Amino acid sequence: MNQSGMARSDEGSLVPREVPGSYGLPFVSAIRDRLDFYYFQGQDKYFESRVEKYGSTVVRINVPPGPFMARDPRVVAVLDAKSFPVLFDVTKVEKKNLFTGTYMPSTSLTGGFPVCSYLDPSEPTHTKVKQLLFSLLASRKDAFIPAFRSHFSSLLATVESQLLLSGKSNFNTLNDATSFEFIGDGYFGVLPSASDLGTTGPAKAAKWLIFQLHPLVTLGLPMILEEPLLHTVHLPPFLVSGDYKALYKYFFAAATKALDTAEGLGLKRDEACHNLLFATVFNSYGGLKVLLPGILARIADSGEKFHKKLVTEIRAAVAEAGGKVTIEALEKMELTKSAVWEALRLDPAVKFQYGRAKADMNIESHDAVFAVKKGEMLFGYQPCATKDPRVFGPTAREFVGDRFVGKEGSKLLKYVYWSNGRETESPSVHNKQCPGKNLVVLVGRLLVVELFLRYDTFTAKVGLDLLGTKVEFTGVTKATSGVAD
Ligand code: HEM
């Protein structure tokens, strides 16, 4: 043993241990664990209590949904900042058909195709679709800032009128409608509301998302209803096929240019369109539904003194850019950037990651090395990794707005994992890191900028929502000085 209690071989390398933990009895224990996860303990406690019980951050556990939707709920969980990145290493883990974990929604929800998120980088279609998304995002790079500002300044105008009328304004509801419009506008230059979809897009999208994610959520209904309804069998896809067709029609018409590009890359038009729909509605819209309330909640709770610092930084950078919000101005906003990363660290919008061991291998935690066999399912609950006190110290669970500012602060960015990769690394056709990484960070910053160009400070009530955080504005103090365009 060395000082930290780790066994070493004669050559000095660490001797791999068996991964501790237990799956319990087949079937029964998986269901019992599912109930712990949803109702008796809740997500965080579910993982933390097992880490505590076995004295290890790499541990064998069951994950939901279990029977009857998942054939095998058994995983090796990696629950610290050191072991977690094994999930990013596609030389070590296979990423085929496990985007949602131990179950996979029917491909009839995606036009009969397994879409990019479910493909391993070794599959040729993965490369083509990811390349298509990179091209799309690059071709629209100048559209995002003006589209975001126009849609979200209208949202904030609505917040103000709702505050006048009733003293409160639900951000999530407004964000759902606004983010959907913003993405359609930003990606394709075609407002969904101006198409046959009218204003029904967000509701259709939400229904389709639920058909894929119901095994992983609770709606807050009594367990006796939710268990058979949401967690035992798949909801039949035909019940959402009308909504999906309406969404598809919008994409087929709005994304003509992107579909032409897709054909150039060797993709069939229909497969490309189902993929664009998925990347836009599931990955992007689903992401923004959770991300923006999450950032807003953290900023709201950070209080007036912190707001003042953001105001000073944001307005100075915008003034220096001639009153415009530009990429260069955003780059200068050290504190704003840090605050957004801190929100992404604390509340990663996608909390679960999976990967199947490609070969026998060793996984290293802070304290030990563990042997894992080929074919075993590896799983990460990201909040455990990104709130690791061994990396982020005693404030690991707190929002520290300036955590990533300066040379020392930026050294911690490699432990920010929200994009399924380190924040210091970039998505490519060869990995599974989110191709929307830069856009997501941009949009997060733009939300903060829009808020503090318009307000000196604001207050909000923060609670829990189906997939993340619920935020209700309760007051805004309009800007008193130096407001840009
Ligand atoms: C993959 C997060 C927005 C497109 C991923 C993964 C995560 C993630 C964690 C990896 C999943 C896994 O394999 O385990 C997020 C979050 C977003 C967001 C939190 C917040 C808004 C976007 C946007 C796009 C996008 C704007 C638009 C292009 C994708 C695609 C993949 C992916 C296509 C699969 C990548 C691959 O197969 O290589 N995202 N994403 N995401 N994301 Fe995002």
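Below is a short write-up of the structure. (Residues numbered from 1 in each chain as written. Predicted model: local features only at pLDDT ≥ 70, side-chain atom pairs only at ≥ 80, totals over all residues. Heavy atoms only, no water.)

## Here's the deal with helix H9 (residues 256-264)
Part 1 of the argument: Taken together, the buried positions of H9 are Ala-258, Leu-259 and Ala-262. An end-on view of H9 places all buried positions within 100 degrees of arc, on one side of the element. For H9, exposure combined with an orientation more than 90 degrees from the buried face picks out Lys-257 and Gly-264.
Part 2 of the argument: Where H9 is buried, its residues contact helix H3 (124-139), helix H8 (241-254) and helix H10 (269-320). (Buried < 20%, exposed > 50% of the residue type's maximum accessible area, 1.4 Å probe, protein only. Helix = DSSP H or I, 4+ residues; strand = E, 2+ residues; numbered from the N terminus. Arc of directions from axis to C-beta. Contact = heavy atoms within 4.5 Å.)

## Description of empty space enclosed by the protein
Part 1 of the argument: Within this structure, the stated rule accounts for 3 cavities of 30 Å³ or more.
Part 2 of the argument: Of the pockets and cavities examined, the largest cavity occupies roughly 50 Å³.
Part 3 of the argument: Lining the largest cavity are Met-104, Pro-105, Ser-106, Thr-107, Leu-109, Thr-110, Phe-113, Pro-114, Val-115, Tyr-118 and Gln-212.
Part 4 of the argument: Within the lining of the largest cavity, the residues separate by chemical class into 7 nonpolar, 4 polar and no charged.
Part 5 of the argument: The computed volume of the second largest cavity comes to approximately 40 Å³. (1 Å grid on protein atoms, 1.4 Å probe; cavity = no way out; pocket = protein on both sides within 12 Å on 5 of 7 lines; lining within 4 Å. Points joined across faces, edges and corners; volume = space filled by probe spheres on them. Nonpolar A, V, L, I, M, F, W, Y, C, P; charged D, E, K, R; others polar.)

## Details of the environment of Ser-241
Part 1 of the argument: Relative to the helices and strands, Ser-241 resides in helix H8.
Part 2 of the argument: In sequence terms Ser-241 and Phe-458 are 217 residues apart; their C-alpha atoms lie 42 Å from each other.

## Some details on the packing of aromatic side chains
Part 1 of the argument: Taken as a whole and judged by the stated rule, the model has 38 aromatic pairs.
Part 2 of the argument: Seen in terms of ring centroids, Tyr-248 and Phe-252 are 5.8 Å apart; in terms of plane orientation they differ by 20 degrees. Their pairing is stacked. In this pair, Tyr-248 and Phe-252 both sit in helix H8, 4 residues apart, roughly one turn of the helix.
Part 3 of the argument: Relative accessible area serves as the criterion here: at 38%, Phe-252 is assigned to the partly exposed category.
Part 4 of the argument: Considering the side-chain rings of Phe-352 and Phe-379, the 5.9 Å spacing of their centres and the 40 degrees angle between planes classify their relative orientation as tilted. Of this pair, Phe-352 sits in strand E5 (residues 352-357) while Phe-379 sits in strand E8 (residues 377-381), and the two are 27 residues apart along the sequence. Side by side, Phe-352 and Phe-379 carry an identical accessibility label, which is buried.
Part 5 of the argument: Pairwise contacts between aromatic rings join Phe-37, Tyr-38, Tyr-39, Tyr-46, Phe-47, Phe-352, Tyr-354, Phe-379 and Tyr-381 into one cluster.
Part 6 of the argument: If you follow Arg-74 out to its NZ or CZ, it ends over the ring of Tyr-23, 5.7 Å from the centre.
Part 7 of the argument: Geometry around Phe-392 places Arg-345 over its ring, the cationic atom sitting 4.5 Å from the centre. (Phe/Tyr/Trp six-rings, centres within 6.5 Å; stacked < 30°, edge-to-face > 60°. Lys NZ or Arg CZ within 6 Å of the ring centre and 35° of its normal.)

## Here we look at the packing of helix H4 (residues 144-166) against helix H5 (residues 171-188)
Part 1 of the argument: In the contact formed by H4 and H5, the axes pass within 9 Å of each other and the chain directions differ by 160 degrees. In terms of their interaxial angle, H4 and H5 are classed as roughly antiparallel. Where H4 crosses over H5, the handedness of that crossing is right-handed. On the side of H4, the interface is formed by Phe-144, Ala-147, Phe-148, His-151, Phe-152, Leu-155, Thr-158, Val-159 and Gln-162, while H5 contributes Phe-171, Leu-174, Asn-175, Thr-178, Ser-179, Glu-181, Phe-182, Asp-185, Gly-186 and Tyr-187.
Part 2 of the argument: Here the residues of the contact of H4 with H5 sort into 10 nonpolar, 7 polar and 2 charged. (Axes fitted to C-alpha atoms, helices over the stretch in contact; angles between N-to-C directions. Parallel < 35°, antiparallel > 145°, perpendicular 65-115°, else oblique. Left-handed = near helix turned anticlockwise from the far one by under 90°.)

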